[in-house]
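# Residue-level structure breakdown
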Amino acid sequence: MAVEKSSDSLCFFVNGRKVTEENADPETMLVSFLREKLRLTGTKVSCGGGGCGACTVMVSRYDPLSRTVQHFSANACLLPVCQLAGAAVTTVEGVGSTKTRLHPVQERLAKAHGSQCGFCSPGMVMSMYTLLRNQAAPSMERIREALGGNLCRCTGYRPIIDSCRTFTQESQCCQGNGGVGCCMNAEETPGGEPSTPRLFPTEDLLPLDPTQDLIFPPELMRVALTEPQQTRWFRGERVAWVSPVSLEELVLLKSTHPQAPLVLGNTTLGPEMKFRGVVHPLVISPSRVAPLFEITHTPQGVWVGAGLSLTQVQMVLGARVEALPQEKTELYRSLLHQLRALAGQQIRNVASLGGNIVSALPNSDLNPVLAAGGCRLRVASDAGGSREVPLDQDFFRGFRTTLLGAADVLVAVFVPETRPGEFVRAFRQAPRKENALATVTTGMRVVLGPGAVVRDVQLYYGGVGPCTLRAARTGQALLGRPWGEAMLQEAYSVLLEEVVLPPGAVGGKVGFRRSLTLSLLFKFYLEVQQALALMSTTPEGVQSTTQQGVQSTTQQGVQSTTPEGVPERELSAIRPLPCCIQPGQQGFQEVSGSQSEQDAVGRPVMHRSAPAQATGEAVYVDDTPPPQGELFLALVTSTRPHASILGVDVSAALRLPGVLDMVTHADIPGRKARSFMGYEEELLADKEVSCVGQLVCGVLADSRDRARRGAAAVRVRYQDLPDPVFTVEDAVQRESFFLPRRRIERGDVCKGLETADHVHSGELRLGGQEHFYMEPQSVLVVPVGEETEFHVYVSSQAPTITQEAVAETLGVPSNRVTCHVKRLGGAFGGKVTKTSILAAITAVAAWKTGRAVRCILERGEDMLITGARHPVLGRYQVGFMEDGRITAADLQYYANAGNTVDESTLVVEKMVLHMDNAYNIPNLRGRAVACRTNLPSNTAFRGFGVPQAAAVVESMITDVALCLGRPAHQIREVNMYRGPSVTHYGMRFDPENLWRCWEEVKGRVGLGPRLEALRSFNQDHRWRKRGAALIPIKYGVAFSEAFLNQAAALVHVYKDGSVLVSHGGAEMGQGIHTKMQQVVSRELGVPSSKVYVSETSTASVPNSCPSAASFGTDANGMAVRDACQKLYKRLEPIRTKNPKGSWDSWTRAAFLEKISLSATGFFRGPDCYMDWEKMEGQPYSYFTYGACYSEVELDCLTGDYRTLRTDIVVDVGQSINPSIDIGQVEGAFLQGLGLYTLEQLSFSPGGLLYSRGPSQYKIPAVCDVPLSFNVHLLPDSHNPHAIYSSKGIGEPVLFLGSSVFYAIKDAVSAARAESGLGGAFPLDSPATPERACLACATPFSQRVPVSEPGSFTPWALNI
Ligand SMILES: Cc1cc2nc3c(=O)[nH]c(=O)nc-3n(C[C@H](O)[C@H](O)[C@H](O)COP(=O)(O)OP(=O)(O)OC[C@H]3O[C@@H](n4cnc5c(N)ncnc54)[C@H](O)[C@@H]3O)c2cc1C
Ligand code: FES
Ligand code: FES
């Protein structure tokens, strides 16, 4: 067994083609192999760590024993290529193609408008495709499960789900899951009307045709059946891989190389190696060692092979649950409960049971349940032979360590059946309902004897210490006691003493975690009570407590006794939250019957690139083939928040293989800083750094991995500078601001406050938000080779800004730099300024080396470096009358800008401009300032300050309602603008459409009866509360800097009649190119199919403005129209001569008659302005209005919630494309839901961003979509200020996501009433489960002692 043995060749299949790799490198993941080696770039990389599903592929294997082929989805970013020997991989390219035939999954995703930027689309397709390969007509539940591991940042998932729904055969029904949102509950069906017209026709969809699928390669079957198994070795640059074929060989290998890890799913090892730089010189793959995959049934339970994937374990346990009586499957059902929510499908398909146990994560979901359930492990080692080890408290030794020795192999796990009188339950609470590591997770088991006396009890927790923890003393205190309230109260006291977390514990959320330990025990208690009550026959030996009397907990303590079981009000603690996603409604106005067939304006035309995106053919920057001699740039970032740079030692980096050069501040030939808002921002730090994550230098190598290793080897010496500033409070105290401050005041605020019946002060703290565009920042700079000319391929929403940055940095005129933007995989404001800086640095590298240079940020780097939405502290004082009228309000906004100004002063401007939201407050003062801190610089994000500003106002309104004890929507109505109105800065407008949206939402949801139903639900449920909120938005469209309101276009018509359009807008999923095609189709009278938009290029359209401010279509549409009208006019003589001729004949004739078939168009937009001295102006062209109702159900014991229903009505004028506009509404809403309820950036006390990937930062997933999600575009709305009477819609609706926040607050308020608490209360954004649960002030959270702030260093900063 010589480690020196040379490499075997690796053989597997990709899309039906055999791949033989002679030098397979164990460090190569399948995704790199596909993209770089096979040039199959359809599979995307977004997070690289298994958390987003963008890289999903299907893996198929032949099982020679069962003689069946098994298909499963997997994340190619964590799949070592060496693991694939004998497998067949199908990528999105192998599924269907625009050149041959789309697969129905691809076709339906595209037609149902489920692809916007398209970066998630191949992954979505592959998850759904794999499901269909296993089950031709899956249930909605299976579809939800299959998509649970795939993230999309654009669509809001609704159209993706609807496209997949077309494959189900079940009625669109949850079969009685119940609750609000359940389709079996007739009164819940919104409006009860059919959704006509439809966004996509379902009649002519391609049928599912299994003959279209690639067959499993017969060669692989033959090899699996006939070829003898032999040990395989693969040897890479740094790591060797060995795959033994027997347990003996495995055990021997492990004893010879005890430090070599076993690799199964690679879901623990992979991220460690990739993100923490751990290198294992040898890894052992036991995937062919049969005993690790065996399943053995015994009369007491089942031995499950440790190598089985979690999905296989689900199948094994599911089969046992089907086969056995219920009382025997308590443990199996609890494990299945955990497995359903553990990670995404792709992870469960590869992650092994043994891997989960041995990884010993502190919050492993399985270990507490396996331990509580009394499982045993079969372990083999060379020294100890085969032995059994109990999986109990002694097994877990500390953080990520168990009692297994380094040479031990876990072979199998014994999972026992349960006996009568034995009850097992598992609970978990996570930051997101699914696909998120738990905050606290538990497994609990009790054995009851006669009189329901506790004979044995095992309580295990995860997430409350360095490893899985047994609450032994608590269990001890329960022994011998009857299962009842008195026992429980004592258990709480002991548990509180036993499970103690220091106030600064790793992971934070200390109070919440401690509260969960109690409330989950309470849930267990009730579950057992209820099970006892429901048991038809009292198990032998167990005298059900129902005979003894079950006591229910109320606020007052022990109270009523119910012989039937747990009272309904109490049972609310253990009812599952509703989860059935219904088909929603999408309403829009159809075009008039008189409109010409080929005029595409106003029709729900599919995104023009959707088929290419769904097939993986759409090209993003990193899909561009490498130019000859391309180098890769990796960046070195500061590890200190504020320090002088004493030196940068690159020698170790330069000695590494493949590392060729460096880029430092000194290398920049032109301007070394960018100028924003009058402040300078260094491209690469020279003498000083002012945040963790600031760019210091770059390393160039011949591959991305080598460049990254080089960057990791650079040593920067720092001298810390004193007192870094992190929080807004620090900044205010130190007067650390970016100027100017902004202020608007109207009326007399002091007088308004004096004359009010009531005055109230409050504050709202809003966290920031990571853009989390699925495509990370990407740049490729290619030197042309003469006259300092460069081509820049970049994922930028502002090509001109990038062009200027590159030119300025290189010291060349702009005419030498051409920026090309084909498409972006999402941007949301985050690809303007930050991208220009990255492009400039990459250009320096290309200039210095004379070679093409590619720089693609990894997700973690991207999140660290590029900033986020500004966190804001909003403070307010409000005066109001008894009838709810607000007489005066004084608001102060502090935005945490980070270390450079970027666009922060503009963001705070927009805050004070939108501080009225939809309300006419006669005396209003608002002040805003950008705080300069030592955190990464924040930047533009969809909504540009409005989501923060308006949320503070709505918080103020909610407080007024709570103070007066009145429904919040009534306070809103009393104060909303009515009739011809003037904003606080003097802009006139008519809020009629705001009211129309508002009233239409009220009518659609039937507000009065709904709120009544909510109240009665809350009375009937002690631990569940429903809440609702109806929120308006008035959003100003266009740039307040007048010069940005312009656009240009270039339209060429070719002799064959085809039209090529160039304009200044960048396609980032918002469908601008599709809308431009529609404009051309109307103006030239041609079908959209004749029109093509290739890219956005600074060579075709110079001096373009950023695609931002919801103004892209308004501006570019007018420019394109202008160009088309010029062309159409030029063709007039031809048309007059031949009025019946076709378009093609006219264009041919025009060429022959020497008429130019190329025209530029220009749009000189509105002269918006704001005079900050006078505090008045016309900063917008017009307002987009909307209103949104959301309703939630909150589990007060855990803070978990579901959005039961959301109804949005938006005024988009006359929609140019209703499917795109509805897509923007749904996507923005879900992004807003994420902002206000889910997404939490966390920083260490030293200013390091902890949340640097989808594992730590949760954006909404499929499980977050409102169960009933209805969007309507306001009919009969006209807008004289924009093209074809449409309105901008990209940003406004994001704020409506706050309706979920305020619905949660409403539910919390009902929960507080149970504890006797009334009136206004603080709830910060995002309303995470932690915050919502603690705000409910249940008896559980109130029992947890609170540590004095300042007496400890918290784990995370509250910035
Ligand atoms: C995106 C993501 C989400 C996740 N979410 C959750 C979650 O919600 N809940 C949860 O509990 N976990 C979660 N996990 C963790 C996941 O369940 C574990 O990483 C996985 O089960 C480990 O199994 P593996 O086969 O991939 O292990 P590998 O990464 O292949 O190996 C991990 C370690 O286990 C050792 N090992 C593996 N098998 C054996 C064996 N038979 N004998 C001895 N040692 C062995 C190896 O030596 C190695 O050190 C998540 C992981 C990811 C990447
Ligand atoms: S890129 Fe593989 S899961 Fe995100
Ligand atoms: S379309 Fe899903 S991420 Fe853009």
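Residues numbered from 1 in each chain as written. Chains lettered and ligands numbered in written order. Predicted model: local features only at pLDDT ≥ 70, side-chain atom pairs only at ≥ 80, totals over all residues. Heavy atoms only, no water.

## Let's talk about the overall build of the protein chain
Helix and strand counts for the protein chain come out as 39 helices and 52 strands. Whereas a compact globule of 1359 residues would reach a radius of gyration of roughly 34 Å, the protein chain reaches 31 Å, a difference of no more than 12%. In terms of principal-axis extent, the alpha carbons of the protein chain reach across some 95 × 80 × 70 Å. The proportion of buried residues among the 1359 residues of the protein chain is 65%. In the protein chain, the proportion of contacts linking residues at least 24 apart, taken out of those at least 6 apart, comes to 78%. (Helix = DSSP H or I, 4+ residues; strand = E, 2+ residues; numbered from the N terminus. Rg over C-alpha atoms; globule rule 2.2 N^0.38 Å. Buried < 20%, exposed > 50% of the residue type's maximum accessible area, 1.4 Å probe, protein only. Contact = heavy atoms within 4.5 Å.)

## Let's talk about the site of ligand 1
Ligand 1 sits among 30 residues. The nearest are Leu 264, Thr 267, Thr 268, Ser 352 and Asp 365. Ser 352 is positioned such that a nitrogen or oxygen atom in its side chain is 2.6 Å from an oxygen atom of ligand 1. Asn 356 has a polar side-chain atom sitting 2.9 Å from an oxygen atom of ligand 1. At the level of elements, helix H12 (353-359) and strand S15 (409-416) are the ones that each hand at least two residues to the shell around ligand 1. The dominant element in the shell around ligand 1, judged by the number of residues it contributes, is H12, at five residues. (Near = heavy atom within 4 Å. Polar contact = N/O pair within 3.5 Å; in protein donor to acceptor, adjacent residues only side chain to side chain.)

## Describing the pairing of strand S17 (residues 440-449)
Of all the ten residues making up S17, ten are buried; the element is thus mostly covered by neighbouring parts of the structure. Here S17 shows two buried faces, one formed by Val 440, Thr 442, Met 444, Val 446 and Leu 448 and the other by Thr 441, Gly 443, Arg 445, Val 447 and Gly 449. Sheet topology places strand S16 (residues 422-429) next to S17; eight bridges connect them, and they run antiparallel. Each residue of the ladder has a partner; that of Phe 427, found in S17, is Thr 442. (Pairing = 2+ DSSP bridges.)

## Observations concerning the confidence of the model for the protein chain
On average, residues of the protein chain score 94 in pLDDT, and 96% of them are at 70 or above. With pLDDT under 50 throughout, residues 173-195 is counted as low confidence; its partners more than four residues away or in other chains account for 43 contacts. Within the model, the stretch residues 536-563 combines pLDDT values under 50 with 55 contacts to residues more than four positions away or in other chains. (pLDDT = per-residue confidence, 0-100.)

## A closer look at the sheet that holds S15
The strand order S9-S10-S15-S11-S12 describes an open sheet built from five strands, whose pairing is antiparallel. This sheet does not close on itself; its edge strands, each paired only once, are strand S9 (295-298) and strand S12 (385-390). This sheet shows a mean twist of 20 degrees between the axes of neighbouring strands, independent of strand direction. By the bridge criterion, five bridges tie strand S11 (residues 376-381) to S15 in an arrangement that is antiparallel. Bridging across to S15, Ala 380 finds its partner in Val 409. Its contacts with the sheet put helix H7 (residues 247-256) on S11 and S15, and the angle it makes with S15 is roughly 120 degrees. (Axes fitted to C-alpha atoms, helices over the stretch in contact; angles between N-to-C directions.)

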